[in-house]
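Understanding the architecture of this molecule
Given next are the chains, with one letter for each unit.
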Amino acid sequence: MNAQIPHGVGVALGPRQALRRALDLLMPPQCPVTGERVVAPALLSPAGWAALHFIETPYCRRCGVPFAADYGEGVECPSCIAEPPVFDRACAAVVYDDASHKLVVGFKHADRTELAAMFGGWMAWAGGQMLSPHTLVAPIPLHRFRLLARRYNQSAFLSEAVARIAGAVHAPRLLRRTRATPPQKDLSPAGRRRNVAGAFAVPAEHRAHVDGAHVVLVDDVLTTGATLNAAARALKAAGAKRVDALVLARVVKGGVGAI
Ligand SMILES: [Zn+2]
């Protein structure tokens, strides 16, 4: 059974989600990738499975970007060599492409929170090496205003599922946003770094938990790593011994296995 640092999950099921659950009982469930009918909610059709690109070795040992060829044990990609990330390692379950984009959008904006258990299983498999009973699994937090608008933090659903499946410690409020930041999606890499610089802090009541800890940060998508780096920096400043990152999907420049 997984443990949890006190103070709750920090997410709430709203009336829209309750309505969706009720409608799911009436409407035929659909594959979240292809829209085909499936026999039960939170299932993928065979074509949906085939459309996803699960990330397996070989990949960069630091940031997890998949390699097109096996360059040997422990090799890092050019980006990590040129500019080492703040986090120690990152792993992703799938490549962020047209198919996984549909999963992420449905999960983030369309209340498909029932998908969290499936995604958590993929992520626990992808990040198995970084998860132990002592690992603190923490979501990238939303600012309270965005949490109010969106009603739930999709990353907290993922972190809860990962911690439960891996038997690790769920720490949903290990970090907080110190200020609201505009969405990252339309910003350049440098703009993304500036946007989230100093945007995270470890609350005083969790400093003792973080000091000397191994933390695995959980988010839905890794694009440039700016958000995960900013969060990792705050955790390391608070004394975390090691900070890894585990995401559902990661962007691969140029497509699957481009490097
Ligand atoms: Zn890398």
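Cut-offs used in this document
Residues numbered from 1 in each chain as written. Predicted model: local features only at pLDDT ≥ 70, side-chain atom pairs only at ≥ 80, totals over all residues. Helix = DSSP H or I, 4+ residues; strand = E, 2+ residues; numbered from the N terminus. Buried ≥ 20, exposed ≤ 12 C-beta atoms within 10 Å, placed from the backbone. Contact = placed C-beta atoms within 7 Å. Axes fitted to C-alpha atoms, helices over the stretch in contact; angles between N-to-C directions. Left-handed = near helix turned anticlockwise from the far one by under 90°. Nonpolar A, V, L, I, M, F, W, Y, C, P; charged D, E, K, R; others polar. pLDDT = per-residue confidence, 0-100. Pairing = 2+ DSSP bridges. Core = buried A, V, L, I, M, F, W, Y, C linked by C-beta atoms within 7 Å. Expected span 1.5 Å × (residues − 1). Parallel < 35°, antiparallel > 145°, perpendicular 65-115°, else oblique.

Check the secondary structure of the protein and you find ten helices and eight strands. When each of the 259 residues of the protein is scored for burial, the buried share is 41%. Long-range pairs, those at least 24 residues apart, make up 75% of the contacts in the protein with a sequence separation of at least 6.

Two quantities define a packed helix pair, namely the angle between the helix axes and the distance between the axes. The N-to-C vectors of helix 8 (residues 189–196) and helix 10 (residues 226–237) enclose an angle of 35 degrees; their axes lie 9 Å apart at closest approach. Once helix 8 is placed against helix 10, the crossing between them reads as right-handed. For the pair helix 8 and helix 10, the contacting residues are Arg 192, Arg 193 and Val 196 in the first and Ala 226, Thr 227 and Ala 230 in the second. For the contact of helix 8 with helix 10, a count of residues per class yields three nonpolar, one polar and two charged.

For the rest of this paragraph, the subject is the confidence of the model for the protein. A residue-level look at the protein finds 89% of positions with pLDDT of 70 or above and a mean pLDDT of 88. Taken as a whole, residues 6–11 scores under 50 in pLDDT and shows 13 contacts with residues more than four places along the chain or in a different chain.

What follows is about the pairing of strand 8 (residues 242–250). Consecutive side chains of a regular strand alternate in pointing toward one face of the sheet and then the other. With eight of nine residues buried, strand 8 lies mostly within the body of the structure. Sheet analysis places strand 2 (residues 89–95) next to strand 8, joined by six bridges and oriented parallel. Across the sheet, residue Ala 90 finds its bridge partner in strand 8, namely Ala 245.

Looking at soluble globular proteins, one finds that nonpolar side chains tend to be buried together. Core analysis: the biggest nonpolar cluster contains 73 residues, and Val 215, Leu 217 and Leu 235 have the highest contact counts within it. Mapped onto this core, the elements with two or more residues apiece are strand 2, helix 4 (98–109), helix 5 (116–126), strand 3 (136–139), helix 7 (154–166), strand 7 (214–222), helix 10 and strand 8. Leaving out residues up to four positions away in the same chain, Val 215 has contacts with Leu 136, Ala 138, Leu 174, Val 210, Leu 235, Ala 240 and Val 243.

Right, let's get into unusual backbone geometry. In this chain, Thr 57 is followed by Pro 58 through a cis amide linkage whose omega measures 5 degrees. With respect to the helices and strands, the residue Pro 58 is situated in the loop between helix 2 (46–51) and helix 3 (78–82).

With that out of the way, let us pick up helix 10. Residues that lie three or four places apart on an α-helix share one face, since the helix turns once every 3.6 residues. The terminal C-alpha atoms of helix 10 lie 16 Å apart, and with twelve residues this matches the ideal 16 Å at 1.5 Å per residue to within 8%. Along helix 10, nine of the twelve residues are buried, which leaves the element largely enclosed by surrounding structure. Three or more residues of helix 10 are buried, namely Ala 226, Thr 227, Leu 228, Asn 229, Ala 230, Ala 231, Ala 232, Ala 234 and Leu 235. Those residues of helix 10 hidden inside the fold are in contact with strand 2, helix 8, strand 6 (200–201), helix 9 (207–210), strand 7 and strand 8. One or two positions beyond helix 10, positive phi appears at Gly 239, with a value near 105 degrees.

A word on the environment of Arg 112. Tracing the backbone shows Arg 112 in the loop between helix 4 and helix 5. Here Arg 112 falls in the buried class, since 22 other C-beta atoms lie within 10 Å of it. With near-sequence residues (within four places) excluded, Arg 112 lies in contact with Pro 32, Gly 106 and Phe 107.

Below, the discussion takes up the packing of helix 5 against helix 7. Two elements in contact, helix 5 and helix 7, have axes whose closest approach is 8 Å; the angle formed by their N-to-C orientations is 60 degrees. One way to sum up the angle between helix 5 and helix 7 is to call them oblique. Where helix 5 crosses over helix 7, the handedness of that crossing is right-handed. For the pair helix 5 and helix 7, the contacting residues are Ala 116, Ala 117, Phe 119, Gly 120, Gly 121, Met 123 and Ala 124 in the first and Phe 157, Leu 158, Ala 161, Val 162, Ile 165 and Ala 166 in the second. A breakdown of the residues in the contact of helix 5 with helix 7 according to their chemical character gives eleven nonpolar, two polar and no charged.

Turning our eyes to something else, we now look at the environment of Leu 136. Here Leu 136 lies in strand 3. Look at Leu 136 and you get buried, because 24 C-beta atoms sit within 10 Å. Discounting residues that sit within four places of it in the chain, Leu 136 has contacts with Val 169, Ala 171, Leu 174, His 209, Ala 213, His 214 and Val 215.

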